[in-house]
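The residues making up each chain are set out below.
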Amino acid sequence: MSSRASVSLHHMIWAQYRLPFLKVILLNLINAAVSVGIIAYINQTFISQPVFNTLSWSSLGQFALLVLLLLVTTFVSQYALTRLGHKFVYELRTKLVKQIIDTTVPQIDHLGSARLLASLSSDIQSITVAFVRMPELVQGVILSVGVGLYLGWLSLPLLLIVMFWIAMTIWISTLLVKHVYTHLTKLREINDALYQDYQSIIEGRKELALNQHRAQKLYTDDFLAHAKSYEKTVTKSDTFHLSAVNWSNIMMFASIGVIFAISNYLGISMGIATTFSLTILFMQSPLLHAVGAYPTLQTAQVALDKIQSLELAEYQPLFRTDNTSQHWQTISLTDVNYRYNVSNNSVSNASDNASDNASDNASNSSVSNSNDTGAQALIAKDSDHSGNILKDVNLTLRRGDVVFLIGANGSGKSTLAKIITGIFTPTTGAVTIDKQPVNSQNNADYRQLYSAIFSDQHIFKQLIGRQGRQPDKALVNAWLHKLDLQDKISVADNQLSTDKLAGTTQTLGHAYCCR
């Protein structure tokens, strides 16, 4: 989604699910036709003629069959739309996760985990709720059109008056709902700030335990301020929403009085007026549910806009693994420069430079040769150009070399290691493997040559072998004993029993790196 324009929710549904959506519309049209049929049957059988002259077991049976048919068509139409909605949400969620996996590390660092988690949880949930409520909106609209055609056939003048009344009601409701949308957009921004507060509280728990002044400041100045802002904004949003619903509800009841008054004035029969009134009562629930469902669609549009603003990588269904030659001989860096560019969505990478330390060692997975005599020591350069973390780096790594990066904090060791492993892309210069350039087309393949241990590494409980195959149980057992972890960690169904033991994170990282 790098530079694509924001796409509306209904355009996305129409583009991706046109045929299923048309089928859903057809089912709702059938449901509306059955509803109109029931209204017409009541009018012809129970209202237009003396009820005791026409009432019979046959008419009651026909009415019961129509009600049963309405029940079936309502269920089928709602089920079809609900299933379509959840399929859309499933595909959106799975695509979003795959896009996060494929997006470059600098962009993910720039976005931050709080913003991504907010999209994966609250945004996806908002879209799910919208699709749960969408059947109410679709059925309300289609049913209104169908019922309107029948009422127009009974009395066009009375229908036009009722339509004007309902249009006025909906117009004022729309004005109220616009305020709901404004506050929902603001709520989504506040939600990002709250997720950032949650992340700071959870990830900084040790620092906060040692500094209660900082804990108090974070809680009172940041979290409570954001929580209070959320409370005020959501209260305003709900107030406008409830006002719209209550306005619609009251005006629908008032329309019954208008119907009888106008019918008496125009000389329209009480039978037709009664049919109009019963129809309004019948339509009240679908219309109110439709009005109530509309804000959820607005919330979903806000959520979708937020997801699209992440500027993640284009969706690719396949994973690119092990396509680069495992028998390489040399990896070269030529005139490599790297700058953290704020305008290039990489501002957060500066934190890497500040926390640069010797524990961020990136070792090539193919450096298993015992040729230790070829060990080198590389002194990372201090940048003499403002903004450049690395400047004019020229380096050749040969198969079997053992290389150490030595330098002060902030000298660019971790940045250089990430460029070597393909996690970062040089601002200028080139990285080549056996004289073949590493570029955007083959960078994902190139990265598969490496294993690394990061200072902020994540330990996965699921164990895998080479090239994604089943792990070698004997090898896993051997490493647990070699690292003296056999009494602390067990393995069942190729999963570690825990990854939370104090002091074992770096040790487990070494085991992963030496897979």
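Cut-offs used in this document
Residues numbered from 1 in each chain as written. Predicted model: local features only at pLDDT ≥ 70, side-chain atom pairs only at ≥ 80, totals over all residues. Heavy atoms only, no water. Helix = DSSP H or I, 4+ residues; strand = E, 2+ residues; numbered from the N terminus. Buried < 20%, exposed > 50% of the residue type's maximum accessible area, 1.4 Å probe, protein only. Polar contact = N/O pair within 3.5 Å; in protein donor to acceptor, adjacent residues only side chain to side chain. Contact = heavy atoms within 4.5 Å. Phe/Tyr/Trp six-rings, centres within 6.5 Å; stacked < 30°, edge-to-face > 60°. Lys NZ or Arg CZ within 6 Å of the ring centre and 35° of its normal.

Relative to the helices and strands, N31 resides in helix α2 (residues 18–47). Its relative accessible area of 5% is what places N31 among the buried residues. Separated by 3.0 Å, the side chains of N31 and T73 make a polar contact. If sequence neighbours within four positions are ignored, N31 has contacts with L70, T73, T74, S77 and Q139.

Another aspect to go through is unusual backbone geometry. For D335, which is not a glycine, the phi torsion comes out positive at approximately 50°. Counting through the fold element by element, D335 comes out in strand β1 (residues 330–339). In this structure D335 comes out as partly exposed when scored by relative accessible area, which is 42%.

On to the packing of aromatic side chains, then. Applying the stated criterion across every chain, the model contains 7 aromatic pairs. When the centroid spacing of 6.0 Å and the interplanar angle of 15° are considered together, the rings of F75 and Y79 count as stacked. Of this pair, F75 and Y79 both sit in helix α4 (residues 57–102), 4 residues apart, roughly one helical turn. With relative accessibility at 55%, the residue F75 sits in the exposed group. Ring centres 6.3 Å apart and planes at 50° place the aromatic pair Y198 and F223 in the tilted group. Placement of Y198 in helix α7 (residues 156–203) and of F223 in helix α9 (residues 212–266) is noted, with a sequence separation of 25 residues between them. A relative accessible area of 37% means that Y198 is categorised as partly exposed. Owing to a relative accessible area of 19%, F223 belongs among the buried residues under this scheme. Feature note: the residues Y195, Y198, Y219 and F223 constitute an aromatic cluster, connected by ring pairs. One residue, K482, lies across the ring of W479, its end atom 4.5 Å from the ring centre.

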